[in-house]
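# Structural description and commentary
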Amino acid sequence: MTDRTRKIRFRKKKSYKGWFIPVILVALIFGIRYFWPKSIGPVSSVGGQSATVSRTETAEPNQSPPDGIVSVRQVLEKVLGLWSSALSSGSYNQFYSIISSEWQKQDTPQRLAQAYGPLRPHKDLMEFFPRRGKLVVLQSGPLESGQSQSPAVIRDTLGPESPWLVRGEWRTGRSALGFSLNLVWESGQWKPAGLRVEVFKSEIRNQ
């Protein structure tokens, strides 16, 4: 009886150990497969790129611009003010810093200086902006396809649509600066995405 009992006890201990060890091995294998790639592999290899994409392509464009908070004239004075200063000084570094990221990819401060170079003879006139003259908004609204054929809409505040189109003139004396400004909502503010300007003289436009 004693020997048989010992054999039974010995077999129970052996079966218990045999069941416990495989469970530990399975748990270790599962833990390595599940946790190791997430904590080391993908994050360390593409972590920097993912953070950049999250800021520029996911976070900001999905946030709609505020409705009726930012004044169109305030943005115009800022954008055209920096542009006129750049035209006078010949340095477009500060103006370049406020334009949209897509525009920055296409141009440099040097290329902007070349593009707006033909208007350099009018730099003395631009020095008066916006202290003198009259700023007239002819169109202000969301930029849509075929908008040139539709009646001009004038909205005094920007948003919540993006992109936005503003057309107008800055009139002083017998000269006028015609402009067409495209704005986009980026990084929590309105930024120029394109600016077309033209300087002309006309007595009729100042009446």
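Thresholds, definitions, all that
Residues numbered from 1 in each chain as written. Predicted model: local features only at pLDDT ≥ 70, side-chain atom pairs only at ≥ 80, totals over all residues. Heavy atoms only, no water. Core = buried A, V, L, I, M, F, W, Y, C linked by side-chain atoms within 4.5 Å. Buried < 20%, exposed > 50% of the residue type's maximum accessible area, 1.4 Å probe, protein only. Helix = DSSP H or I, 4+ residues; strand = E, 2+ residues; numbered from the N terminus. Contact = heavy atoms within 4.5 Å. Salt bridge = Lys/Arg side-chain N within 4 Å of Asp/Glu carboxyl O.

## Some words on the nonpolar core
- Trp83, Phe95 and Leu195 are the most contacted members of the largest nonpolar core, which has 36 residues in total.
- At the level of secondary structure, the elements contributing two or more residues to this core comprise α3 (72–89), α4 (93–98), α7 (123–126), β1 (134–142), β2 (164–172), β3 (175–186) and β4 (189–201).
- Examining the composition of this core, we find that nine residues originate from one element, α3, more than from any other.
- Residues within four places of Trp83 in sequence aside, it is in contact with Tyr92, Phe95, Tyr116, Leu119, Met126, Leu177, Leu195 and Val197.

## A few points about unusual backbone geometry
- The peptide bond linking Gly159 to Pro160 adopts the cis configuration, its omega dihedral lying at 5°.
- In this structure, Pro160 sits in the loop between β1 and β2.
- Residue Pro163 is bonded to the preceding Ser162 through a cis peptide linkage, with omega at 10°.
- Checked against the element boundaries, Pro163 lands in the loop between β1 and β2.
- Of note, Ser187 is a non-glycine position whose phi angle comes to about 55°, a positive value.

## What to know about the pattern of salt bridges
- Under the defined criterion, the tally for this structure stands at five salt bridges.
- Taking the shortest distance from any N to any O, the salt bridge between Glu102 and Lys105 comes out at 3.4 Å. You can see Glu102 and its partner Lys105 sitting in helix α5 (residues 101–106), three residues apart, about one turn around the helix.
- Assessed through its relative accessible area of 46%, Glu102 is described here as partly exposed.
- Glu161 is paired through a salt bridge with Arg155; the nearest N and O atoms lie 3.2 Å apart.

## Observations regarding the side chain of Ser88
- Looking at the element boundaries, Ser88 is found in helix α3.
- Look at Ser88 and you get buried, because its relative accessible area is 18%.
- Not counting residues within four places of it along the chain, the set of residues in contact with Ser88 comprises Arg120, Lys123, Met126 and Glu127.

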